[in-house]
Protein chains: 2
Amino acid sequence: MPTMNRQITLAARPKGIPSSTDFRLVESELPDAKQGHLLIRTLFLSVDPYMRGRMRDQASYAAPVGLGDLMPGGAVGVVEQSRHPGFAAGDIVEGMFGWQAYMLSQGEGLRKVDPALAPVSTALGVLGMTGLTAYFGMLDIAKTEAGESVYISGAAGAVGSVAGQIGKILGCHVAGSAGSEEKVQLLKELGFDDAFNYKSEKDYAARIRSACPQGIDVYFDNVGGTMTDAVVPQMNLRGRIAVCGQISQYNLEQPETGPRWLFHTIVKRLRIEGFLVFDFAAEIPRALEQMAVWYREDRLRAEETITDGLENAPEAFIGMLQGNNIGKQLVRVSEL
Amino acid sequence: MPTMNRQITLAARPKGIPSSTDFRLVESELPDAKQGHLLIRTLFLSVDPYMRGRMRDQASYAAPVGLGDLMPGGAVGVVEQSRHPGFAAGDIVEGMFGWQAYMLSQGEGLRKVDPALAPVSTALGVLGMTGLTAYFGMLDIAKTEAGESVYISGAAGAVGSVAGQIGKILGCHVAGSAGSEEKVQLLKELGFDDAFNYKSEKDYAARIRSACPQGIDVYFDNVGGTMTDAVVPQMNLRGRIAVCGQISQYNLEQPETGPRWLFHTIVKRLRIEGFLVFDFAAEIPRALEQMAVWYREDRLRAEETITDGLENAPEAFIGMLQGNNIGKQLVRVSEL
């Protein structure tokens, strides 16, 4: 049994884009699992935009992470030692481990993952939190229907790439924006009807108009800012905006201003709704079942960017905030 | 029978706040009612913020008014002559007459008004379009429930003053902002728990916090702009924003910018929804029945500001856009 753990803690509150000095790698002793506990070895760690919010000294939907505290995050791991009746050594489990090599757990909040169903990393992506976020956003929030026109910002990210694929499964016209030619190429491979690189596009509004010539019924927003400003006037009557993320705003040192567009909600009778996947906890089993069917039928592809080594988690996280990832950004902490 | 009509037409497209030279009073011959037609004499004309949008050369939810065309608007009148089987001389009717002293009609879109129920002017206000707007906004859009905290911008206007009274009938904490001490006084008489004059208030956010110490579950927005910027961060979890109007924006020559606040919709899982009373056409009879009960029970007061004379309709309209009215702004065109 291992006797030492490695953890990444919050060393300083970032200003703007986090830097590696905002994190600290610490080693600590790892006790044996007591009665009722299990010891899990982390296989993959998920790094996600919401963590940027948790690094702020400001309450949001979750409490802020304290200085010196373990960085929070979802992970998938293998049970090394179990003194818990519900788990056996060798089980694959997913849960909020935080950024560490091992976790001692009493089993709460753990979900068993079937490694025969799909690679275990998908339990953090297409068949995990980000895939479910896309699912509930498209179906329960936006109530997307066949034949509608869907536009997705941040379309090559972990959530956006799944939202777009779900749009195609539903029979929609799907278009989106992403931050590189490589990402645009991926979106076309995933079946998007049109996609563009916003970094090389001066006139978002015109490009969106050509991507969605019938207007937009559903806008799945991961980005906010100037992209959203360009989308809102192109929403169709009774359009829905599912607000999933606002990544363009998370690293700003000074809040941005932008044009006021709320009157469009009256003219077009728009519904704008923000959501978190946690609100749909009771619906997760049903959703995962559907997503697994689509995955097995090859209608849903798992796009992943994998960085090796727990010590490189800060770099993977910082890169993800800057859009370096394609699909789900993961950190491989150990091999199965 | 009268032989001459008087009408107010759009003479020029306003820049910023309309001026009297943007309107023209014209006289025209008034033919007798032909078979199947009826002649209506206008009693009261309604002037409303939405008309500012119709004066723009830009499609919105309705086509723009052409230069030289009759100004559109709801009115209530008395049937002077009828050659239509559904109406008799003396009937009181409400409909989209436009800004004119008489209207020839084939009966479409007319609603008969019972003058025994309430003063006929209420058919344009509390028991008409603006009252119904408040009703559907509070109940069908915001889904306001007993015990919730409601905040209303433009609270002393035709819609806001009714929305607030409905909030009190539902058993809510109700607060709002308006543009004069006199209006604030009225709001308190109408039962608002708190109200303030935004024109003498430097720190909207602090004043709203003291008016709604439990936060805000329902924001009924008639105003937009800096008021809405101050309200959004104070919304409670699963709050709803019914977007009814954005009067602070209608007369701007240059569009405004403001802080971006869409991330609050994620953190608080807010729903923002724009609406128009016309979307609820099928529900109007049920809603009017309920509103009439509340009116007869003295739980709903009709607040009106009346300007005399069709020729003064432009002045009444311009004053209303600047907030000179309290409650519903009407123009008395003739006496019953």
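Residues numbered from 1 in each chain as written. Chains lettered and ligands numbered in written order. Predicted model: local features only at pLDDT ≥ 70, side-chain atom pairs only at ≥ 80, totals over all residues. Heavy atoms only, no water.

For the pair chain A and chain B, the relating rotation is 180 degrees, the translation along its axis is 0.0 Å, and the fit reaches an RMSD of 0.0 Å. Given the turn and translation reported, the copies of this chain are related as if by a two-fold rotation axis. (Least-squares fit on C-alpha atoms with pLDDT ≥ 70 in both.)

For the rest of this paragraph, the subject is the packing of aromatic side chains. What the rule picks out here adds up to 18 aromatic pairs over all chains. Taking 6.0 Å as the distance between ring centres and 40 degrees as the angle between the ring planes, the aromatic pair formed by Y151(A) and Y219(A) counts as tilted. Remark: Y219(A) occurs in strand β11 (residues 216-221) and Y151(A) occurs in strand β8 (residues 149-152); sequence separation between them is 68 residues. The class for Y219(A) is buried, based on a relative accessible area of 0%. Look at Y135(B) and F136(B): their rings are 5.4 Å apart centre to centre, the planes differ by 90 degrees, and that puts the pair in the edge-to-face class. The exposure class of Y135(B) is buried, given its relative accessible area of 5%. On the accessibility criterion, F136(B) (0% relative accessible area) is buried. In this structure an aromatic cluster arises from ring pairing among Y135(A), F136(A), F280(A) and W294(A). Lying across the ring of F87(A), K112(A) places its NZ or CZ 5.2 Å from the centre. (Phe/Tyr/Trp six-rings, centres within 6.5 Å; stacked < 30°, edge-to-face > 60°. Helix = DSSP H or I, 4+ residues; strand = E, 2+ residues; numbered from the N terminus. Buried < 20%, exposed > 50% of the residue type's maximum accessible area, 1.4 Å probe, protein only. Lys NZ or Arg CZ within 6 Å of the ring centre and 35° of its normal.)

For the rest of this paragraph, the subject is the state of the cysteines. For the structure on display, the rule yields zero disulfides over all chains. We note that C244(A) lacks a disulfide partner, and the nearest cysteine sulfur, in C172(A), lies 17 Å from it. C244(A) gets classed as buried once you look at its relative accessible area, which sits at 16%. Unpaired in terms of disulfides, C172(B) finds its nearest cysteine sulfur in C212(B), a separation of 11 Å. Exposure remark for C172(B): the relative accessible area of 3% places this residue in the buried category. (Disulfide = S-S within 2.5 Å.)

All right, on to the interface of chain A and chain B then. In this complex, chain A contributes 34 residues to the contact, which on the side of chain B involves 34 residues. Together chain A and chain B conceal approximately 2,700 Å² of surface at their shared face, both sides included; 59% is due to carbon and sulfur atoms. In terms of surface lost to chain B, no three residues of chain A exceed R260(A), L262(A) and I266(A), which account for 29% of the buried area on that side. Run the count over chain A and chain B and you get eight salt bridges. D279(B) serves as the salt-bridge partner of R269(A), at 2.8 Å between the closest nitrogen and oxygen. Taken together, the elements giving at least two residues each to the side of chain A that touches chain B come down to α6 (225-231), β12 (235-243), α7 (247-250), β13 (257-259), α8 (263-267) and β14 (271-274) of chain A. Per-class residue counts for the side of chain A that touches chain B are 14 nonpolar, eleven polar and nine charged. The pairing of β14(A) with strand β14 (residues 271-274) of chain B spans three bridges and is antiparallel. (Contact = heavy atoms within 4.5 Å. Buried area = accessible area lost by both parts, 1.4 Å probe. Salt bridge = Lys/Arg side-chain N within 4 Å of Asp/Glu carboxyl O. Nonpolar A, V, L, I, M, F, W, Y, C, P; charged D, E, K, R; others polar. Pairing = 2+ DSSP bridges.)

Take the packing of helix α2 (residues 129-141) of chain A against helix α3 (residues 158-170) of chain A next. All names here are of chain A. The geometry of α2 relative to α3 is characterised by a closest axis approach of 8 Å and an angle of 45 degrees between their N-to-C directions. Compared by their axis directions, α2 and α3 come out oblique. Crossing geometry of α2 relative to α3 is assigned as right-handed. Residues T130, G131, T133, A134, Y135, M138 and L139 of α2 form the contact with α3, whose participating residues are A158, V159, V162, A163, I166, G167 and L170. Taken together, the residues of the contact of α2 with α3 sort by class into ten nonpolar, four polar and no charged. (Axes fitted to C-alpha atoms, helices over the stretch in contact; angles between N-to-C directions. Parallel < 35°, antiparallel > 145°, perpendicular 65-115°, else oblique. Left-handed = near helix turned anticlockwise from the far one by under 90°.)

Attention shifts here to the environment of T257(A). You can see T257(A) is positioned in strand β13. Once the C-alpha coordinates of T257(A) and L30(A) are considered, the two residues, 227 residues apart in sequence, prove to be 48 Å apart. Excluding anything up to four places from it in sequence, T257(A) contacts T257(B), G258(B), P259(B) and R260(B).

Here we take up the packing of α2(A) against helix α9 (residues 284-296) of chain A. All names here are of chain A. Across the interface, α2 lies against α9 with an axial gap of 10 Å and an inter-helix angle of 100 degrees. If you check the angle between α2 and α9, you find them roughly perpendicular. Only I284, R286, A287, L288, Q290, M291 and W294 of α9 make contact with α2, whose side of the interface consists of G131, L132, Y135, F136 and D140. Class assignment of the residues belonging to the contact of α2 with α9 gives a composition of eight nonpolar, two polar and two charged.

For the structure on display, the rule yields three cavities of 30 Å³ or more. Of the pockets and cavities examined, the largest cavity occupies roughly 250 Å³. Looking at the largest cavity, it is lined by 20 residues, and the ones nearest its centre are P259(A), R260(A), W261(A), P259(B) and W261(B). Contributing elements (two or more residues each) for the lining of the largest cavity: α6 and β13 of chain A together with α6 (225-231) and β13 (257-259) of chain B. The computed volume of the second largest cavity comes to approximately 70 Å³. Together, T122(A), G125(A), V126(A), T130(A), A158(A), S161(A), V162(A), R301(A), A302(A), E303(A), E304(A) and K328(A) line the second largest cavity. When grouped by side-chain class, the residues that make up the lining of the second largest cavity number four nonpolar, four polar and four charged. (1 Å grid on protein atoms, 1.4 Å probe; cavity = no way out; pocket = protein on both sides within 12 Å on 5 of 7 lines; lining within 4 Å. Points joined across faces, edges and corners; volume = space filled by probe spheres on them.)

This paragraph deals with the confidence of the model for chain A. Here chain A averages 96 in pLDDT, while 100% of its residues score no lower than 70. Quick note on the complex model: pTM equals 0.93, ipTM equals 0.92. (pLDDT = per-residue confidence, 0-100.)

Time to look at the pairing of strand β9 (residues 173-178) of chain B. Residue and element names in this part refer to chain B. Most of β9 is tucked away: five of the six residues are buried. As paired strands, strand β8 (residues 149-152) and β9 are joined by four bridges and run parallel to one another. Looking at β9, one finds that Y151 is bridged to A175. Viewed along the sheet, the connection from β8 through helix α3 (residues 158-170) into β9 turns out right-handed. Handedness of the crossover joining β9 and strand β10 (residues 194-197) through helix α4 (residues 181-189) is recorded here as right-handed. (Right-handed = clockwise from strand over helix to strand, strands pointing away.)

Attention now goes to the pattern of salt bridges. Residues and elements named next belong to chain B. This model, assessed by the stated rule, comprises 38 salt bridges over all chains. Note that D194 is salt-bridged to R207, the shortest N-O span being 3.0 Å. Highlighted residues: D194 in strand β10 and R207 in helix α5 (residues 204-211), separated in sequence by 13 residues. With relative accessibility at 15%, the residue D194 sits in the buried group.

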